[in-house]
Amino acid sequence: MFRSLRGRLIVLLVLLVVAAGAAGTLMVGLFRQSATAQVGRAEAEVGRACDAITDAYRFYSSGWQDTPVQLDSDALRHDLTAVVQTALRDRPRIEGGIWQADAGSLAYAFPTYQGSGPKTDVPQAELPRIQAVNQAALANERQASSRYDAPAQVLLLTACPLPGPIPNLTAWAMTRVATFAGDSYRLLMTGLGVLFAAVLAAAALLGRLTMTWSRHVARIESALQTHDIAGLPALPATGERELDRIVMALNDAGQRLAEARRRADELARQVATGERLAAIGRVAAGVAHEIRNPIGAMRLKAENALAGDEARKNAALTMMLAQIERLDALVRRLLSMAEREKLHCAPVALPPFLESCLTPHRELARAKGVTLECVADDAAPNFDAEQMRRALDNLVLNAIAAAPAGSAIAVAARRDGEHLVISVHDEGPGPDAAIREHLFEPFVTGRADGAGLGLSIVREVAATHDGSARLGSCPAGTVFEMVLPWR
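The paragraphs below set out a description of the structure included in this document. Computed from a prediction, not measured in an experiment: that's the story for all the values here.

**Section: the sheet that holds strand β11 (residues 468-471)**
Argument step 1. Pairing within the open sheet is mixed, and its five strands lie in the order β7-β9-β10-β12-β11. At either end of the open sheet lies a strand with only one pairing partner, and these are β7 (371-376) and β11. Neighbour-to-neighbour, the strand axes of the sheet open up by a mean angle of 15°, direction not taken into account.
Argument step 2. Direction of pairing for strand β9 (residues 408-416) relative to strand β10 (residues 419-426): antiparallel, over a ladder of seven bridges. Counted as the bridge partner of Ala412 is Ser423 from β10.

**Focus on the nonpolar core**
Argument step 1. Membership of the largest hydrophobic core comes to 37 residues, with the highest contact counts inside it found for Phe353, Leu392, Leu395, Ile409 and Met482.
Argument step 2. For this core, the secondary-structure elements that each account for two or more residues are α7 (350-358), α9 (385-402), β9, β10, α10 (454-464) and β12 (478-485).
Argument step 3. A per-element tally of this core places α9 first, with seven residues.
Argument step 4. Leaving out residues up to four positions away in the same chain, Leu392 has contacts with Phe353, Leu354, Cys357, Val411, Ile422, Val424 and Met482.
Argument step 5. Within the second largest apolar cluster, 29 residues are counted, among which are Val39, Ala52, Ile94 and Val154.

**Structural notes on the packing of aromatic side chains**
Argument step 1. Taken as a whole and judged by the stated rule, the model has four aromatic pairs.
Argument step 2. Both rings, one in Phe59 and one in Tyr60, keep their centres 5.7 Å apart while their planes meet at 85°; by these two values the pair is edge-to-face.
Argument step 3. Taken together, a centroid distance of 5.5 Å and an interplanar angle of 50° make the contact between Phe110 and Tyr113 tilted.
Argument step 4. The class of Phe110 is buried, set by a relative accessible area of 12%.
Argument step 5. For Tyr113, a relative accessible area of 40% gives the class partly exposed.
Argument step 6. The ring of Tyr148 is capped by Arg129, whose NZ or CZ atom sits 4.5 Å from the centre of that ring.

**Brief notes about the sheet that holds strand β4 (residues 153-161)**
Argument step 1. One open sheet accounts for five strands, arranged β2-β1-β5-β4-β3; its pairing is antiparallel. Across the chains shown, the open sheet's two edge strands, defined by having one partner strand only, are β2 (104-109) and β3 (144-149). When the angles between neighbouring strand axes are averaged without regard to direction, this sheet yields 20°.
Argument step 2. Where β4 and strand β5 (residues 169-178) come together, nine bridges link them in antiparallel fashion. The residue bridging Ala159 from the neighbouring strand is Trp172, located in β5.
Argument step 3. In the packing of helix α3 (residues 127-140) onto the sheet, contacts are made with β1 (94-100), β3, β4 and β5, and the angle to β4 comes to roughly 35°.

**Brief notes about α3**
Argument step 1. Taking 1.5 Å as the rise per residue, α3 with 14 residues should run 20 Å; its terminal C-alpha atoms sit 20 Å apart, in good agreement.
Argument step 2. For α3, the full list of buried residues reads Ile130, Val133, Asn134 and Ala137. Here the buried residues of α3 occupy an arc of 100° about the axis, which is enough to place them on one side. In α3, the exposed positions that point more than 90 degrees away from the buried face belong to Pro128 and Ala139.
Argument step 3. In this structure, the buried residues of α3 make contact with β1, β3, β4 and β5.
Argument step 4. Just beyond α3, the residue with positive phi is Glu141, at close to 55°.

**Structural notes on the packing of α9 against α10**
Argument step 1. Packing of α9 against α10 brings their axes to within 9 Å, and their N-to-C directions diverge by 150°. Taken together, α9 and α10 sit at an angle that is classed as roughly antiparallel. Crossing geometry of α9 relative to α10 is assigned as left-handed. Contacts between α9 and α10 involve Gln387, Met388, Arg390, Ala391, Asn394, Leu395 and Asn398 from the first element and Gly454, Leu455, Ile457, Val458, Val461 and Thr464 from the second.
Argument step 2. Per-class residue counts for the contact of α9 with α10 are seven nonpolar, five polar and one charged.

**Observations concerning unusual backbone geometry**
Argument step 1. Residue Arg93 is not a glycine yet carries a positive backbone phi of 65°.
Argument step 2. Structurally, Arg93 can be placed in the loop between α2 (74-88) and β1.
Argument step 3. On the basis of relative accessible area, Arg93 is assigned to the exposed category, the value being 61%.
Argument step 4. In the Ramachandran plot, Asn168 falls in the positive-phi region, its phi being about 55° despite a non-glycine side chain.

**Remarks on the pattern of salt bridges**
Argument step 1. Here the structure, examined in full by the defined rule, presents 15 salt bridges.
Argument step 2. Here Glu266 and Arg262 are joined by a salt bridge, their closest N and O atoms 3.7 Å apart. Taken together, the residues span about one helical turn, with Glu266 and Arg262 both in helix α5 (residues 241-306) at a distance of four residues.
Argument step 3. Take Glu266: its relative accessible area is 34%, and that puts it in the partly exposed class.
Argument step 4. Taking the shortest distance from any N to any O, the salt bridge between Glu481 and Arg470 comes out at 2.7 Å. Pair noted here: Glu481 is in strand β12 and Arg470 is in strand β11, with a separation of eleven residues, a long-range link.

**Considerations on a nonpolar patch on the surface**
Argument step 1. A cluster of nonpolar residues, Ile10, Val14 and Val18, forms a patch on the protein surface that exposes about 240 Å² of accessible area.
Argument step 2. Take Val18: its relative accessible area is 52%, and that puts it in the exposed class.

Definitions and cut-offs
Residues numbered from 1 in each chain as written. Predicted model: local features only at pLDDT ≥ 70, side-chain atom pairs only at ≥ 80, totals over all residues. Heavy atoms only, no water. Pairing = 2+ DSSP bridges. Helix = DSSP H or I, 4+ residues; strand = E, 2+ residues; numbered from the N terminus. Axes fitted to C-alpha atoms, helices over the stretch in contact; angles between N-to-C directions. Core = buried A, V, L, I, M, F, W, Y, C linked by side-chain atoms within 4.5 Å. Buried < 20%, exposed > 50% of the residue type's maximum accessible area, 1.4 Å probe, protein only. Contact = heavy atoms within 4.5 Å. Phe/Tyr/Trp six-rings, centres within 6.5 Å; stacked < 30°, edge-to-face > 60°. Lys NZ or Arg CZ within 6 Å of the ring centre and 35° of its normal. Expected span 1.5 Å × (residues − 1). Arc of directions from axis to C-beta. Parallel < 35°, antiparallel > 145°, perpendicular 65-115°, else oblique. Left-handed = near helix turned anticlockwise from the far one by under 90°. Nonpolar A, V, L, I, M, F, W, Y, C, P; charged D, E, K, R; others polar. Salt bridge = Lys/Arg side-chain N within 4 Å of Asp/Glu carboxyl O. Patch = residues over 30% accessible without salt bridge, like charges linked within 9 Å, V, L, I, M, F, W, Y side chains within 5 Å. Areas by Shrake-Rupley, 256 points an atom, 1.4 Å probe, with all protein chains shown as cover.

Take a look at the structure:
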């Protein structure tokens, strides 16, 4: 997966999503930490506001020691409101008042209220909470605080007892801290939205890039697979700059390959023509050599016969007829190489066939002190017996000529998988290394008295049977093999 472009793009997309998730989590965490810090500062500020009301009340109440206090007096409520106003006028977003256990709220002020007009009434929704925190301050005779968390804000309340001529009197302060509202929350949501949009855009871009490249690569792969590698097709442009550079390189390589193939075909034709001419030259030289000797002998005999008596003329004519027969045999062997005869395949039992092939040569082998042996599988494959007999005659004659006296020649036929292998093994030294690569070509021979056509006839017979002839390998001696399809 990591070795393909698609896999790497997918991994990049996953990493991008993970990074975006981590960044979003970090942003939310930082916002929460910021909100917590704001709440902490607001709690401290509310406590100081309550202390400020206490100090202002202590200053205003110092002149009330000998004056009777009436809780329902408008003048008292006005003075207490002035106390709260003075204490909270420099404390933004903090409201507060003075509370009496029996009479309830005696004063309320919100000097920094940013509404359309001054706010003079205690918030009715928070009235039970205000009463509760004031009762807690009176009960404990010290400052008391309360916190109420809502989905979008945190409500902070603080109350503290007020010493003086009025019994059960407390001061309280209150503020609200926006947690998921306000400018900070909107900024957070804007950042998260931008981040989410960027991730979506990147995912869409990477997905489109992956699909586009995969489609173009599949198209190029299909075009290359449906054409011969020797003739690369002209690939169309994809519109992707980097990929088009590869396409241009492939098109250029295809053109160079086509030109190279054209040149190679031309050179191959020239080489084939040269090899054909060379083969014709070797055949012509061999034929000229084979014809020249009998002609020379016949000319000499004819010249001697013209100067001699009748007996010498008859002997010359007999010798000339023998040389003409030799030339005729040479021509027949050349024709047998040039024209492939039609196969007449039939089931042939291997043991008696090999024995019949060796019988005509046993007298010649005995005269040279060589024994002939045959080993064959008990099977009857299909082949042309006459053509195969002609090929074996050449192999056996070559083996008799090469085998040393007192040795044995082994002719074998066996099945090897889907092939029939016919071999002739002798204990001679084998052909010279200089001619091994050209053994089966016409007129290639290592013997002075040989015409060099026997092995070429063996090769042609094997090729007619869709097989091949070869010089095999053996621990000692020489072995020639014909490998034919098993029919």
